[in-house]
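# Per-entry structural report
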Amino acid sequence: MTTVVAVRKNGQVAIAADTLVTFGDTRLLHRFEDNTKVFKLDAPVGPTYIGMAGTVAHFPVLRKSLAAMPPEQRLLATRDEIFDTFSRLHPMLKDHFFLQTKEDDNDPYESSQFSVLIANAAGIFGLYSYREVFEFKEFWGIGSGRSFALGAMHAVYGRVKTAREVAQAGVNAGCTFDRNSEGPVDIFTLKMKGSR
């Protein structure tokens, strides 16, 4: 799958991801395909970076569907705004991109099938398949390398100065120990709102 992390530290946010694509047992390295798991979106809050884990099919669908929304509906600065934005997006995913919404017979809601991290000047957020939104105070990770990344970020968070350094440590750990993650690593950083 992948390793994607988001970090908030000292007035900076960072989002980072590995660049490996896998097809079952076949690994497609960045050398052979220009893969990125993070994309930039202009939103009312300012530049927003979105990283995803899961099937490669999600990447163009989410990128194109969010870009097609009017800017006033593409609100991503709070948990409630992100929930509302992705709730508005869900019917479009079904009607225009043929999203299969069922994961399990006991699903409480239709699934959007996404695991997403969002980083912008307002902070770092996680979005999951039933449109649950979390706002993280320090760091978080998604994908198959998440456990390794979380351990590494926990170990360095108090010892380094920047969000970028924490994110780098997280994805590096994922790339080292998770067979479905590989560099090079893409890292994007932003200043938080109100920081100097």
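Presented here is a report on the structure given in the accompanying data block. Every chain's residues receive numbers from 1 upward, in the order its sequence appears when written. Residue-level local features of this predicted model are given only where pLDDT is at least 70; pairs of side-chain atoms are given and counted only at 80 or more, and the full residue set underlies all totals for whole chains, interfaces and linings. Think of the side-chain values as coming from all heavy atoms in the structure, minus any hydrogens and water.

## Observations regarding the sheet that holds strand S9 (residues 133-136)
Which entries qualify depends on this criterion: Pairing between two strands is assigned when DSSP locates at least 2 bridges connecting them. In this text, helices come from DSSP runs of H or I with a minimum length of four residues, and strands from runs of E with a minimum of two, each type numbered from the N-terminal end. Axis definition: a line fit to C-alpha positions, over the contact stretch in the case of helices; interaxial angles, taken between N-to-C directions, run 0 to 180 degrees.
Spatially, the 5 strands line up as an open sheet ordered S5-S6-S7-S8-S9, and their pairing is antiparallel. Both outer strands of the open sheet, strand S5 (38-43) and S9, are each paired with one neighbouring strand and no more. Pairwise comparison of adjacent strand axes, ignoring direction, gives a mean angle of 25 degrees for this sheet. Pairing of S5 with strand S6 (residues 46-53), which is carried by 6 bridges, proceeds in the antiparallel orientation. Within the sheet, the bridge partner assigned to Asp 42 lies in S6 and is Pro 47.

## What about the environment of Lys 94?
As for its position among the elements, Lys 94 is in helix H2 (residues 79-97). Measuring from C-alpha to C-alpha, the distance between Lys 94 and Tyr 128 comes to 17 Å, with 34 residues separating the pair along the chain.

## A closer look at the side chain of Asn 180
Stated precisely, the cut-off is as follows: Contacts were defined at the residue level, with two residues in contact if any of their heavy atoms lie within 4.5 Å.
Positionally, Asn 180 belongs in the loop between helix H4 (163-177) and strand S11 (186-191). Leaving out residues up to four positions away in the same chain, Asn 180 has contacts with Met 1, Thr 2, Asp 18, Leu 20, Thr 22 and Ser 144.

## Looking at the packing of helix H1 (residues 58-68) against H2
Convention followed: What makes a crossing left-handed is the near helix being turned counterclockwise from the far one by less than a right angle; a clockwise turn instead makes it right-handed. In this classification, Asp, Glu, Lys and Arg are treated as charged, Ala, Val, Leu, Ile, Met, Phe, Trp, Tyr, Cys and Pro as nonpolar, and every other residue, Gly included, as polar.
At their nearest, the axes of H1 and H2 sit 10 Å apart, and the two run at 115 degrees to each other. Handedness of the crossing formed by H1 with H2: right-handed. Residues Val 61, Leu 62, Lys 64, Ser 65 and Leu 66 of H1 form the contact with H2, whose own contacting residues are Thr 85, Phe 86, Leu 89, Met 92, Leu 93 and Phe 97. By residue class, the composition of the contact of H1 with H2 is 8 nonpolar, 2 polar and 1 charged.

## Topic: the packing of helix H3 (residues 146-156) against H4
Viewed as axis vectors pointing N to C, H3 and H4 meet at an angle of 140 degrees, and their least axial separation amounts to 7 Å. Considering how the two elements wind past one another, H3 and H4 form a crossing that is right-handed. For the pair H3 and H4, contact is made by Phe 148, Ala 149, Ala 152, Met 153 and Val 156 and by Val 166, Ala 169, Gly 170, Ala 173, Gly 174 and Phe 177, respectively. Split into classes, the residues belonging to the contact of H3 with H4 amount to 9 nonpolar, 2 polar and no charged.

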